[in-house]
Amino acid sequence: MLQGLKRVLACGAAGAEGRMKLLGAVLLAASLLGTAARGEQSPWPDEPSRTCFFQMLSGVDGEFCRGDLEVIYPELGDVSCTYIPKCHQYRRRISREWGSPRVRYPQAEKSKKYVLVLVDPDAPSRANPRNRFWRHWLVTDIPGADLRTGDVKGLVLTDYVRPTPPPRSGYHRYQLCLYEQPAHETIALSPEERVSLGAWAMESFVEQFRLGSPVASTQFLTKYYED
């Protein structure tokens, strides 16, 4: 994936003669490999299949991203602090096909353990989040050495649940928070918490196990793939 570019990549554009034909072949190859570039709004809003671009989060949503936490999905690469694009069926694939992402935190201390939380604060919608927080993933006792390479190994308290925003509910934020786990602290969900993923009292959980503020946090936004 082409990282950090601030432009639009036109995928599968028709070729032309000479150098333009070669350029068209290069762009077609990039499309087949599922590459994308980060950039501004597409100049062809009614033709999403022709372009693939990433829009970075801004404002309050962008401010949530702190600490250089990387969230890496197949083909997409690092989706931290971005909207998931509709092109190449990425929204459908993140909701229906792909398993848990790699999560990398280069600043993790090898001698420490960490807690990773993935939640949707916008269930069932951002306008009416009555089921906040919806728990999508919860892993404790993650060795810092593994986090430095993006390999999330630890005690899984909640198996990974794919992002599945309901139809016509708008964009949902999928927030990842990484906490340093207090030494000798055994972390567990209560029987009531294990029964349901929705309306999880995340703040109480963080307070109960003295997790404090996240050492890093990020989010990505996506919506129902047919909207």
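Right above here is the structure, for reference.
Residues numbered from 1 in each chain as written. Predicted model: local features only at pLDDT ≥ 70, side-chain atom pairs only at ≥ 80, totals over all residues. Heavy atoms only, no water.

### Remarks on the overall build of the chain
Piece 1. Helix and strand content of the chain: six helices and 12 strands.
Piece 2. Of all 227 residues assigned to the chain, the portion counted as buried reaches 46%.
Piece 3. Element-wise, carbon and sulfur atoms account for 52% of the exposed surface of the chain, whose accessible area totals about 11,800 Å². (Helix = DSSP H or I, 4+ residues; strand = E, 2+ residues; numbered from the N terminus. Buried < 20%, exposed > 50% of the residue type's maximum accessible area, 1.4 Å probe, protein only. Areas by Shrake-Rupley, 256 points an atom, 1.4 Å probe, with all protein chains shown as cover.)

### Concerning the pattern of salt bridges
Piece 1. For the structure on display, the rule yields 10 salt bridges.
Piece 2. A salt bridge links Glu 97 to Arg 92; the nearest nitrogen and oxygen atoms lie 2.7 Å apart.
Piece 3. Here Asp 122 ties to Arg 173 by a salt bridge, and the two come within 2.6 Å at their closest N and O atoms. Here the residue Asp 122 occupies a position in the loop between strand 8 (113–120) and strand 9 (134–143), and Arg 173 occupies one in strand 11 (residues 172–180), the gap between them amounting to 51 residues. One exposure class covers both Asp 122 and Arg 173, and it is buried.
Piece 4. A network of salt bridges, in which partner residues are shared, links Glu 75, Arg 92, Arg 93 and Glu 97. (Salt bridge = Lys/Arg side-chain N within 4 Å of Asp/Glu carboxyl O.)

### A short note on the packing of aromatic side chains
Piece 1. Counted according to the given criterion, the structure contains 10 aromatic pairs.
Piece 2. Look at Tyr 90 and Trp 98: their rings are 6.1 Å apart centre to centre, the planes differ by 40°, and that puts the pair in the tilted class. Take Tyr 90 and Trp 98: they sit in the same class, and that class is buried.
Piece 3. Taken together, the ring pairs connect Tyr 73, Tyr 90, Trp 98, Tyr 174 and Phe 220 into an aromatic cluster.
Piece 4. When the ring centre of Phe 133 is taken as origin, the NZ or CZ atom of Arg 132, which lies over that ring, is 5.9 Å away. (Phe/Tyr/Trp six-rings, centres within 6.5 Å; stacked < 30°, edge-to-face > 60°. Lys NZ or Arg CZ within 6 Å of the ring centre and 35° of its normal.)

### Looking at the environment of Val 215
Piece 1. Locating Val 215 in the fold gives a position in the loop between helix 6 (202–208) and strand 12 (216–222).
Piece 2. Note on Val 215: relative accessible area 32%, which makes it partly exposed.
Piece 3. The spatial distance from the C-alpha of Val 215 to the C-alpha of Gln 107 is 9.5 Å, given a sequence separation of 108 residues.

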